[in-house]
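Descriptive analysis of the structure
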There are 2 protein chains.
Amino acid sequence: MTTFTDQARAALLASHSLALLTSAEKNRALLAMADALAERSADILEANGDDVERARGENMTSSLLDRLTLTGERIAAMAEGLRELAGLADPVGEIVRGWVTADDLHIEEVRTPIGVIGIIYEARPNVTADAAGICFKAGNAALLRGSSSAVSSNRAIVKALRHGLAAADLPAECVDAVALVEGDREVTTEMMQARGLVDLLIPRGGAGLIEAVVRGSQVPVIETGTGNCHLYVDAAADLDLASEIIINAKTSRPSVCNALETLLVDAAVAELYVPRIVQRLIDAGVTVHGDDASRRLDSRIVEARADEFDAEYLSLDLALSIVEGIDAAIAHIRRHSSGHSETIVTNDLAHARRFTSAVDAAAVLVNASSRFVDGGCFGFGAEIGISTQKLHARGPMGLREMTTTKYIVQGTGQIRI
Amino acid sequence: MTTFTDQARAALLASHSLALLTSAEKNRALLAMADALAERSADILEANGDDVERARGENMTSSLLDRLTLTGERIAAMAEGLRELAGLADPVGEIVRGWVTADDLHIEEVRTPIGVIGIIYEARPNVTADAAGICFKAGNAALLRGSSSAVSSNRAIVKALRHGLAAADLPAECVDAVALVEGDREVTTEMMQARGLVDLLIPRGGAGLIEAVVRGSQVPVIETGTGNCHLYVDAAADLDLASEIIINAKTSRPSVCNALETLLVDAAVAELYVPRIVQRLIDAGVTVHGDDASRRLDSRIVEARADEFDAEYLSLDLALSIVEGIDAAIAHIRRHSSGHSETIVTNDLAHARRFTSAVDAAAVLVNASSRFVDGGCFGFGAEIGISTQKLHARGPMGLREMTTTKYIVQGTGQIRI
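The rules behind the values
Residues numbered from 1 in each chain as written. Chains lettered and ligands numbered in written order. Predicted model: local features only at pLDDT ≥ 70, side-chain atom pairs only at ≥ 80, totals over all residues. Domains from an automatic or database assignment. Contact = placed C-beta atoms within 7 Å. Nonpolar A, V, L, I, M, F, W, Y, C, P; charged D, E, K, R; others polar. Helix = DSSP H or I, 4+ residues; strand = E, 2+ residues; numbered from the N terminus. Expected span 1.5 Å × (residues − 1). Pairing = 2+ DSSP bridges. Axes fitted to C-alpha atoms, helices over the stretch in contact; angles between N-to-C directions. Least-squares fit on C-alpha atoms with pLDDT ≥ 70 in both.

1. Observations concerning the domain arrangement of chain A
All names here are of chain A. One can read the domain layout of chain A as domain 1 (4-223 + 395-410) and domain 2 (229-376). Of note, the centres of domain 1 and domain 2, computed from C-alpha atoms alone, are 36 Å apart. With 4 residues of domain 1 at the interface, the matching set in domain 2 holds 5 residues. Along the lines of polarity and charge, the residues of the side of domain 1 that touches domain 2 split into 2 nonpolar, 2 polar and no charged.

As structure tokens, then:
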């Protein structure tokens, strides 16, 4: 039986070869993986059918069931994602900076793969191909720990990806660059303790999963995540523009992390603006939960418990608070923000600058919808998640964030006196 | 009594103000801190005397005692270090990159402080001023957890630094940007669990301390570190140049992490070269520990146990192994490296390139002594340690590595369709 340690050692060996592949070789392999997914579409669908049937038997909710279910179209989209990765610039080898020291050493800081990356994720089987592809393009081996509910689908997808790798005329060990980690909960613990074999863990899923990995892991973790996103309507805002942004940020896709969760309105314009925006929100199907000050302005606002300002609704609900100017808005955000995306709507240049300087989040927006905070809209071409932590990577993570750097120091016999 | 949580909350508040200070304000404060150290030199020496006396009573080794002992000169050097920091470029506010998206959003990735940084370190009290200064210049608050053996010295130094901060005409809360964390072992555990209050922990000290923090912390940690550094003498090396580099890398300061620990010699030149370099090493007071192949070439080589290839000697000892060419050298390094600094001596361009590509370490050197791998020689002007991990920071860490970034997104009312 293949143990996790066997898989991790094989991934480590594969990562050594991957680091030396040319971009052309990696791109050819990505196309071969895409072809293999397409060719094995029927097998993958059949395996997925088993997962879906089992999930139905276990009364999985319809939204989770939808995320679990693959179709021919969804598999084609996974393959297309791999083809797009082949078209993106390779981050490996980029010279981040370079200089000559006082001792005439020529130093270059060069982007290199991280090595072996573990991904721990929940039901969606398309993550299997996406994550494997992004890791691979950046020269990393991927150990994929999917959920047990998608295990048949994930097996079929990984089998196809490895088939593609084997067909791509790479050194034989490269096939181990993609591996599915199976087993009970203990194997997740093993992953989290695999210092020296696994360089990085990325949990992708709900807050509970992320919290468990962050707390339990001895391997470095990048938190992806929760977005308790605020929008502050300044007294100097174009109120019509504010309304368009609010409706878009709240309602265009309420279940995602860059959706708006709390609206802050400057007291100076609240009397005028709150009834207007509440009407727009109600028309869009949103329930507005407000503090006392806001409820005095509009009786359609339901009472917000204090803890509602700290959590994501991820639904057509919005918290509302009236604040006494920009500094109170910044203070509210400091207290409640999850550090994802925070927005000000204003035409006052000094206020915009104060907000963008003082608010500490992965993204701070002026006069735009927070829904734009993702790798696709940012132009990264691929995204493995949005980091809400401050180390290594912050905000949308693309290929660049799946690399590290090393210093290459070229001398002519220098010794240190 | 001030609890750790009180201190951490105060540091968090201070960090909010620090992030908004101008470079001029921060530099003025660094000079005021330097002045305060100089003015209070007598108090600091007296406090240090207490620590030294207590350490003598507890039979501290003479090398540790030397590290603990302050002199007027050492305090002046601490003050000078702060003055030099005032002269360095401020990393905060640097626009790392910027672009305009397809939706006409103007995006800038801007360097910002990390927030609150905890430093856990061993006996040397000069780390107190160095670490506080580097954190401060990059806009971060520092929670300093020194060793109990230096507690009186550290108290006096932190008192002086806070006095300087108070005299620098900053917002009052900025004085809490530097704080000494005191108490028993439980307070270290509190620091390691302080998610949401502490953004980053940096352990500075021996391998045991670092390992304990990495394993125990739920706050992100940057490992600084151990350096099991190799040098490979290629068949195409200039052997005289190799000898100069080896002697320098091994003997100029054997106790530091960038000192040479293992010498690898290509079998093609071993018969010629091993007796020559062994003679040079013995003349320099070095004991050479070798594998069987090397001992057949020179009887003065003592037997190396297998585990000697995995550890740092940090003394005038050197491990030696004969390898069958460059790929065997790379394989040996992969197996035993701690990922710090690895060197090839060669005049063969293809070998140099193969080595720098395939060896995965913070620094890879060609024809130069690994003793150059530090922040000072790299021209960073200040260094808080050398990271041997791959996330966030790798290699010598200066001011830039004490920052994160955020995306500032400027729009004109864009919504996502």
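Let us keep going from here.
2. So, helix α5 (residues 72-87) of chain A
When the terminal C-alpha atoms of α5 of chain A are compared, their 23 Å separation across 16 residues agrees well with the 22 Å that a helix rising 1.5 Å per residue should span. Buried-residue contacts for α5 of chain A involve α2 (23-39), α3 (41-57) and α6 (126-137) of chain A.

3. Quick look at the sheet that holds strand β5 (residues 178-180) of chain B
Residues and elements named next belong to chain B. Here 4 strands make up an open sheet; going across it, the order is β5-β4-β3-β6 and the pairing parallel. Two strands in the sheet have a free side with no partner beyond their single neighbour: β5 and β6 (200-204). Neighbouring strand axes in the sheet, compared pairwise and without regard to direction, differ in orientation by 20° on average. Here strand β4 (residues 141-145) runs beside β5; their pairing, made up of 3 bridges, is parallel. The residue of β5 that forms the bridge with Leu144 is Leu180. Helix-sheet contacts for helix α1 (residues 4-18) involve β3 (116-121), β4 and β5, and the interaxial angle to β4 is about 150°.

4. A closer look at the interface of chain B and chain A
Counting residues at the interface gives 59 residues for chain B and 59 residues for chain A. Elements with a minimum of two residues in the side of chain B that touches chain A: α9 (207-216), α10 (239-251), α14 (349-358), β13 (363-368), α15 (375-378) and β16 (403-414) of chain B. Considering every element that reaches the side of chain B that touches chain A, the biggest residue donor is β16 of chain B, with 11 residues. A breakdown of the residues in the side of chain B that touches chain A according to their chemical character gives 27 nonpolar, 21 polar and 11 charged.

5. As for the relation of the copies chain B and chain A
Between the two copies, chain B and chain A, the superposition gives an RMSD of 0.0 Å; the rotation angle is 180° and the shift along the axis is 0.0 Å. The transformation relating the two chain copies, once decomposed into turn and shift, fits a two-fold axis. Within chain B, His392 of chain B has its C-alpha nearest the rotation axis, a separation of 1.7 Å. An overlap of 98% is found between the interface residues of chain B and their copies at the interface of chain A, pointing to a shared contact surface.

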